[in-house]
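A closer look at the structure
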Amino acid sequence: AQSVTQLGSHVSVSEGALVLLRCNYSSSVPPYLFWYVQYPNQGLQLLLKYTSAATLVKGINGFEAEFKKSETSFHLTKPSAHMSDAAEYFCAVSPNSGYSTLTFGKGTMLLVSP
Amino acid sequence: KAGVTQTPRYLIKTRGQQVTLSCSPISGHRSVSWYQQTPGQGLQFLFEYFSETQRNKGNFPGRFSGRQFSNSRSEMNVSTLELGDSALYLCASSVGQGPYTEAFFGQGTRLTVV
């Protein structure tokens, strides 16, 4: 079965600092990988997705992620944090065939201080 | 265009009752998935429907059921509510049923069982 592990339930950064949210996946074959963001009392919004077209994926709001097969990782980064980035971030995996069911990590809450 | 609409947004029910949640997907989307989000278990897949057929089901008891109508709108039902069913229930719609299609999430229905 596929799974994702997000390291760190909370990450704190200062405004303007680098954001790094970690995600490792477990899959026998390269899956599709996603990062979603959830603001309080809201649903999930897709930030970016990896579907094997390119290992470096650029998303919305200045976020990007790099797929590293050798490390089974798909970490999310942003060069400079904004206060508005404070939210919960979820890494998710989907099989590369068949159903579109998403398996989510436990989530990482990003806290941004001025 | 309008996003995924979930009704109601908030619901309070008594243990033992049943509840029905509604999801209207984005126009043209034929796939609808449901997820349960709780602080302890995180985001867990409930079921997925495509063209009125249940395509996949998560590991939930039979008290959880759903259906999809010909206009792609979907409902999920939980019978004999338990305190542990308190959660945010999220609906997601996508154009197709493959893993590469983007899932758009609604704002969710927050169910509280007392």
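Up top is the structure these notes are about.
Residues numbered from 1 in each chain as written. Chains lettered and ligands numbered in written order. Predicted model: local features only at pLDDT ≥ 70, side-chain atom pairs only at ≥ 80, totals over all residues. Heavy atoms only, no water.

1. What to know about the sheet that holds strand 7 (residues 64-68) of chain A
Residue and element names in this part refer to chain A.
- Taken together, five strands build an open sheet; the order of strands is 1-3-8-7-6 and the sheet is antiparallel. Looking along the sheet, the strands with just one partner apiece sit at the ends: strand 1 (3-7) and strand 6 (56-58). Here the strands of the sheet are splayed against their neighbours by 20 degrees on average, with no regard to which way each runs.
- Note that strand 6 and strand 7 share three bridges and pair antiparallel. Counted as the bridge partner of Val57 is Ala65 from strand 7. (Pairing = 2+ DSSP bridges. Helix = DSSP H or I, 4+ residues; strand = E, 2+ residues; numbered from the N terminus. Axes fitted to C-alpha atoms, helices over the stretch in contact; angles between N-to-C directions.)

2. Concerning the sheet that holds strand 7 (residues 64-68) of chain B
Residue and element names in this part refer to chain B.
- Read across the open sheet, the four strands follow the order 1-3-8-7; overall the sheet is antiparallel. Where the open sheet ends on each side, the last strands, each with one partner, are strand 1 (5-7) and strand 7. Between one strand axis and the next, the sheet turns through 15 degrees on average, direction left out of account.
- As judged from the five bridges shared by strand 7 and strand 8 (residues 74-78), these two strands associate in the antiparallel manner. Bridging across to strand 8, Arg67 finds its partner in Glu75.

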